[in-house]
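Residues per chain, in single letters:
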Amino acid sequence: MVDATAKPAFVLRLLSRNRIVKWAPLLVLSALVLFFPLIEWLEDFRAGDAHAYLIDSRFFSVRNAARIGISATPALIVAIGATFIIIMGSIDLSMEGTVSVCAVVFASVFIGLGGTMLSWAWLALPLSMVAGAMIGFVNGLVHVKLKIPSFMASLAIGFVGTGLALLLTRGDRIRVEDPVFRALLTERWFNFPVMVYIALVFLLVAWFIQSRTRLGRNFYAVGGGEELAHASGLNVERIRLLGFTLAGTFFSVGALLAVGRIGIAETATGNNFMFVSITAVVVGGTALWGGIGGVWNTLAGVLIVNVINNGMVVVGLPDFLQDAVLGILVITAVVLSTDRKSISFVK
Amino acid sequence: MGDAKVPARFERERVMSFIKNFIEQETINRRKFLLASAMGLGGAAAAGVLGGGPARAALSDPTIAWSYRNRTNPYWNEIVSGGEAFVESLGKPKSDLVHLINDGSSEKSLADVKTLLAKESGNVALAIDTNDAPNCRPVVEAVAASMGYVSTIWNKTDDLHPWDFGDHYVSHMTWSDVGPAEQTARILFKKMGGKGGIVGLGGIASNNPAIERKQGLLNAMKDYPDIELLDYQAADWDTQKANQIMSSFITRYGDEIKGVHCANDTIGYGVLEALRAEGLQGVIPIVTYDGNPQAVDLVMKGDIEATVFTNPHWGGGITAALAYYAATGHFKPSAEPHASREFYGPTILITPEDAQAFRAEYIDSVPNYDWKDFWGPGNGQIVYK
């Protein structure tokens, strides 16, 4: 006898709410990737010049994927740094200042030591990462030792960073024109520039930290219930300090990629990273109250934000509508991709 | 506001500030001196303000101040360096220049000015961009009420004029960007052979220079029917935003783009990098605006076809100089024609042919300006539409 209930049960299990929520960011991303070509197709169709949907789409092309990749990579790495902090239930808003300082430190040292990767100037890369880690560490100290909420501590450290970058540059911008360093953008493997692969490497590193190290698991423990984690013998302060230091390091890698993308380091290099990275983390389904989410969510979130930004221009949405549409799409994405039923209130 | 109301309002503010400061002996002394001047004992320096308002003699050694957004932006950095150069020309250390930094807040701008006026009892020569146009009137009124001297740049409402304030509102300078932006557009179109699609990237949509620079582009297009403006979007003066918009433009329009019109240099840098990523640098010509040193280098290399220099260093210096020399009685603003009180700042077009010479003259060595030649480099009286 055939069990008639087996198949529906299987489908139900496949489509259980938890599973949908888990995959929602990816579904939102897929929907967007199919949505923009549809608008494009409709536009051409109305103009009496219909093309094959997707195949002839300008949006849905490898070259445009590379463009989205280029615009997404610095934000991805910065957002990964923020992800660790948000998983802990804290928040880090220092990214704009940190990115500016790291970009400027890198560029000045790089130019000072010869200005080409083929000399000792490459030392500017690790040095900039050390600078990022130090800013993150100070950020963590202020938060943990002075017991200032991470929101305020990191925001303030971010302002200090912006001021420091201004002090270092005196308001000028530093151009980094070394062709070897700029190969991050100009050299392409399989249609995608090198910087995209470097970002993938750091994504894997972050995933390793998140899932295969004690520190990564402790982030979740702290975010899921700090008192419980503390009672279980975890040194929560130390974990927070390490978390902020790690985030600062990722911010600096994001800064290096941002300089690689436009070849300029300046106080304004960090502009917009706060909005893009926090939005991306949340849209990706990492909950602001901690304990849920991870770096793959952040990847989806960053791609969602950048696909929206790119798609709006590609389908010809007037610029005065773009900010409003971005806001609405972000709210929609958050509604779809976070499980809000399990919590009783939102702060 | 009609002329008749100005003195009454002045009187009120003057009385208010007098009450506030009445214990300050200095103020009282000044009023005694004013009285003496009015009786013909104070010399020619003192003159009546329009409508019989208060007047006083020239200041001696006024505090020189520049009020501006902040130094993050290379443009404002240049403006202020000009102010410092002027202060040094007086034999003072450049640290004598007082910086009032408003960080884009009109409220802070006004509050800082009032604080300075109170601290120095009006003994102030102020150069200022008031951040937005409506803020200009309260700033100017505050300075005039405490008998200081002020010169403004960029932001001012059309109904506000220096000559309505006697000597205390010395001058206003602004730059008209329509004409120069039209010239850069023509250079771009010629480079494109007079036909093809272009895209434009503008500044913050509500900013006056952004509006004027776009208008310049549209004006030039009237003479080039074969040029098609495919798209024009606001890149908010931001390199990274311009970079992303340009790469999206390439997706949407692809080979149709034959040229790019950028509202300033920082936008141009982002566009160049988007083109570089596609191997299109040098293939698609672009024009920019502002004449930053790095943009001039790119013009020399042929990466940018043209940019426009507005000489912010001179602008920053001369604005402070106007306020200072009016304050010290070197010249009498109310005796000058209107064209000397509201005028356009200089604009210099930079193309690959003259970039080398330009760099040598203006960038490699900062020219030693004659800070008493107030109007030589300017571009004539401001015209209201």
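No experiment lies behind these values; they were computed from the predicted model shown.

## A closer look at the overall build of chain A
Next up, step 1: Broken down by element type, chain A carries 14 helices and 4 strands.
Next up, step 2: Residues classed as buried in chain A amount to 50% of the 347 residues present.
Next up, step 3: By sequence separation, contacts in chain A at least 24 residues apart represent 75% of the contacts at least 6 residues apart.
Next up, step 4: Only carbon and sulfur atoms are counted for the fraction: they give 71% of the accessible area of chain A, which is about 16300 Å².

## A short note on a nonpolar patch on the surface
Next up, step 1: On the surface, A:Leu34, A:Leu38, A:Leu42, A:Tyr53 and A:Phe60 cluster together to form a nonpolar patch covering roughly 410 Å² of accessible area.
Next up, step 2: With respect to the helices, strands and loops of the structure, A:Phe60 is situated in the loop between α2 (17-46) and α3 (62-87).

## Considering the sheet that holds strand β5 (residues 169-174) of chain B
Residue and element names in this part refer to chain B.
Next up, step 1: Ordered in space as β2-β1-β3-β4-β5-β11, the 6 strands form an open sheet in which the pairing is parallel. Strand pairing shows two members of the sheet lacking a second neighbour, β2 (98-101) and β11 (342-344), which therefore form its edges. On average, adjacent strands in this sheet sit at an angle of 15 degrees to one another, irrespective of strand direction.
Next up, step 2: Both strand β4 (residues 149-153) and β5 contribute to a ladder of 4 bridges, which runs parallel. When the sheet's bridge partners are listed, Val 150 is paired in β5 with Tyr 169.
Next up, step 3: On top of the sheet, helix α4 (residues 106-119) reaches β1 (63-68), β2 and β3 (124-128); it is set at about 150 degrees to β2, its chief contact.
Next up, step 4: Seen against the sheet, helix α11 (residues 312-327) touches β1, β3, β4, β5 and β11 and runs at an angle of roughly 160 degrees to β4.

## Looking at helix α3 (residues 74-89) of chain B
Residue and element names in this part refer to chain B.
Next up, step 1: Look at α3: 22 Å from first C-alpha to last across 16 residues, which is about the 22 Å you get at 1.5 Å a residue.
Next up, step 2: With 12 of its 16 residues buried, α3 lies for the most part within the structure.
Next up, step 3: Residues of α3 that are buried: Pro 74, Tyr 75, Trp 76, Asn 77, Ile 79, Val 80, Ser 81, Gly 82, Gly 83, Glu 84, Phe 86 and Val 87.
Next up, step 4: Those residues of α3 that are buried lie in contact with β1, β2, β4 and α11.
Next up, step 5: Backbone geometry just after α3 places Gly 91 at a positive phi near 80 degrees.

## Considering the interface of chain B and chain A
Next up, step 1: Counting residues at the interface gives 29 residues for chain B, matched by 37 residues for chain A.
Next up, step 2: Together, the buried faces of chain B and chain A total about 2900 Å²; carbon and sulfur atoms form 43% of this surface.
Next up, step 3: Notably, a salt bridge pairs B:Glu278 with A:Arg67, separated by 2.7 Å at the nearest N-O pair.
Next up, step 4: In this assembly, chain B and chain A are joined by 17 residue pairs in polar contact (both at pLDDT 80 or more).
Next up, step 5: If you list the elements that add at least two residues to the side of chain B that touches chain A, you get α3, β7 (227-234), α8 (239-253), α9 (265-277) and α10 (293-301) of chain B.

## Things to note about the layout of surface pockets
Next up, step 1: There is about 790 Å³ of room inside the second largest pocket.
Next up, step 2: Looking at the lining of the second largest pocket, the elements with two or more residues in it are α3, α12 (273-283), α13 (295-314) and α14 (319-337) of chain A together with β7 and α8 of chain B.
Next up, step 3: Tallied by class, the residues present in the lining of the second largest pocket amount to 14 nonpolar, 12 polar and 7 charged.

## Observations regarding a positive patch on the surface
Next up, step 1: A cluster of basic side chains, namely A:Arg212, A:Arg214, A:Arg217 and A:Arg238, defines a positive patch on the protein surface.
Next up, step 2: Residue position: A:Arg214 is located in helix α9 (residues 214-224).

## Regarding empty space enclosed by the protein
Empty pockets left among the atoms are what a rolling probe the size of a water molecule brings to light.
Next up, step 1: Applying the stated criterion to the full structure yields 3 cavities of 30 Å³ or more.
Next up, step 2: Here the largest cavity defines a volume of roughly 70 Å³.
Next up, step 3: A:Arg67, A:Ile70, A:Ser71, A:Leu185, A:Arg261, B:Asn243, B:Gln244, B:Ser247, B:Glu273, B:Ala274, B:Ala277 and B:Glu278 are the residues that line the largest cavity.
Next up, step 4: Counting only elements with at least two residues in the lining of the largest cavity, the list comes to α3 of chain A together with α8 and α9 of chain B.
Next up, step 5: In the lining of the largest cavity, the residues fall into 4 nonpolar, 4 polar and 4 charged.

## Topic: the nonpolar core
Next up, step 1: Counting residues in each nonpolar core, the largest one holds 72 residues, and the members touching the most others are A:Ile80, A:Phe84 and A:Phe106.
Next up, step 2: A:Phe84 has contacts with A:Ala206, A:Ile209, A:Gln210, A:Phe219, A:Leu246, A:Phe250 and A:Val295, leaving out every residue within four places of it along the chain.
Next up, step 3: Listed in part, the 47 residues of the second largest apolar core include B:Leu230, B:Phe249, B:Ile250 and B:Ile257.

## A few points about unusual backbone geometry
Residues and elements named next belong to chain B.
Next up, step 1: For Asp 103, which is not glycine, the phi dihedral falls at a positive 50 degrees.
Next up, step 2: Relative to the helices and strands, Asp 103 is located in the loop between β2 and α4.
Next up, step 3: Even without glycine at this site, Asn 311 takes up a positive phi of about 50 degrees.
Next up, step 4: Along the chain, Asn 311 falls in the loop between β10 (307-309) and α11.
Next up, step 5: Relative accessible area serves as the criterion here: at 5%, Asn 311 is assigned to the buried category.

## Overview of the pattern of salt bridges
Next up, step 1: A full pass over the atoms with the stated rule returns 29 salt bridges over all chains.
Next up, step 2: Two residues, A:Lys145 and A:Glu237, come together in a salt bridge whose shortest N-O distance is 3.1 Å. Separated by 92 residues along the polypeptide, A:Lys145 in helix α5 (residues 124-145) and A:Glu237 in helix α11 (residues 236-262) bring together distant segments of the chain.
Next up, step 3: The exposed category is assigned to A:Lys145, whose relative accessible area is 52%.
Next up, step 4: Residue A:Glu237 is classed as partly exposed on the basis of its relative accessible area, which comes to 32%.
Next up, step 5: For B:Asp236, the salt bridge goes to B:Lys241, with nearest N and O atoms at 3.1 Å.

## Observations concerning the packing of aromatic side chains
What characterises a pair of aromatic rings is the spacing of the ring centres plus the angle enclosed by the ring planes.
Next up, step 1: Per the counting criterion, the structure on display carries 29 aromatic pairs over all chains.
Next up, step 2: Relative to A:Phe36, the ring of A:Phe35 has its centre 5.4 Å away and its plane inclined at 65 degrees; by these criteria the two rings are edge-to-face.
Next up, step 3: Residue class for A:Phe36 comes out buried when judged on its relative accessible area of 4%.
Next up, step 4: Ring plane angle 85 degrees and centroid distance 5.8 Å describe the contact between B:Phe331 and B:Trp375, whose orientation is recorded as edge-to-face. Remark: B:Trp375 occurs in the segment after α12 (355-364) and B:Phe331 occurs in the loop between α11 and β11; sequence separation between them is 44 residues.
Next up, step 5: Pairwise contacts between aromatic rings join B:Phe86, B:Tyr324, B:Tyr325, B:Phe331, B:Tyr369, B:Trp371, B:Phe374 and B:Trp375 into one cluster.
Next up, step 6: The ring of B:Tyr269 has A:Arg175 lying over it, and the distance from NZ or CZ to the ring centre is 5.3 Å.
Next up, step 7: Lying over the aromatic face of B:Tyr289, B:Arg213 brings its terminal NZ or CZ to 3.8 Å of the ring centre.

## Notes on α11(A)
Next up, step 1: If you check α11(A), its first and last C-alpha atoms are 39 Å apart, about what 27 residues at 1.5 Å a residue would give, namely 39 Å.
Next up, step 2: One or two residues past the end of α11(A) sits A:Gly263, with phi positive at roughly 70 degrees.

## Some details on the packing of helix α4 (residues 95-112) of chain A against helix α6 (residues 150-169) of chain A
Residues and elements named next belong to chain A.
Next up, step 1: It is the contact of α4 with α6, at a shortest axis distance of 7 Å, that shows an interaxial angle of 25 degrees. Relative to α6, α4 is oriented roughly parallel. By crossing handedness, the relation of α4 to α6 is classed as left-handed. From α4, Gly 97, Ser 100, Val 101, Val 104 and Val 105 reach across to α6, where they touch Gly 158, Gly 161, Thr 162, Leu 164, Ala 165, Leu 168 and Thr 169.
Next up, step 2: Classifying every residue of the contact of α4 with α6 by side-chain character gives 6 nonpolar, 6 polar and no charged.

Rules and cut-offs
Residues numbered from 1 in each chain as written. Chains lettered and ligands numbered in written order. Predicted model: local features only at pLDDT ≥ 70, side-chain atom pairs only at ≥ 80, totals over all residues. Heavy atoms only, no water. Helix = DSSP H or I, 4+ residues; strand = E, 2+ residues; numbered from the N terminus. Buried < 20%, exposed > 50% of the residue type's maximum accessible area, 1.4 Å probe, protein only. Contact = heavy atoms within 4.5 Å. Areas by Shrake-Rupley, 256 points an atom, 1.4 Å probe, with all protein chains shown as cover. Patch = residues over 30% accessible without salt bridge, like charges linked within 9 Å, V, L, I, M, F, W, Y side chains within 5 Å. Salt bridge = Lys/Arg side-chain N within 4 Å of Asp/Glu carboxyl O. Pairing = 2+ DSSP bridges. Axes fitted to C-alpha atoms, helices over the stretch in contact; angles between N-to-C directions. Expected span 1.5 Å × (residues − 1). Buried area = accessible area lost by both parts, 1.4 Å probe. Polar contact = N/O pair within 3.5 Å; in protein donor to acceptor, adjacent residues only side chain to side chain. 1 Å grid on protein atoms, 1.4 Å probe; cavity = no way out; pocket = protein on both sides within 12 Å on 5 of 7 lines; lining within 4 Å. Points joined across faces, edges and corners; volume = space filled by probe spheres on them. Nonpolar A, V, L, I, M, F, W, Y, C, P; charged D, E, K, R; others polar. Lys, Arg positive; Asp, Glu negative; His and termini not counted. Charge placed at Lys NZ, Arg CZ, Asp CG, Glu CD. Core = buried A, V, L, I, M, F, W, Y, C linked by side-chain atoms within 4.5 Å. Phe/Tyr/Trp six-rings, centres within 6.5 Å; stacked < 30°, edge-to-face > 60°. Lys NZ or Arg CZ within 6 Å of the ring centre and 35° of its normal. Parallel < 35°, antiparallel > 145°, perpendicular 65-115°, else oblique. Left-handed = near helix turned anticlockwise from the far one by under 90°.

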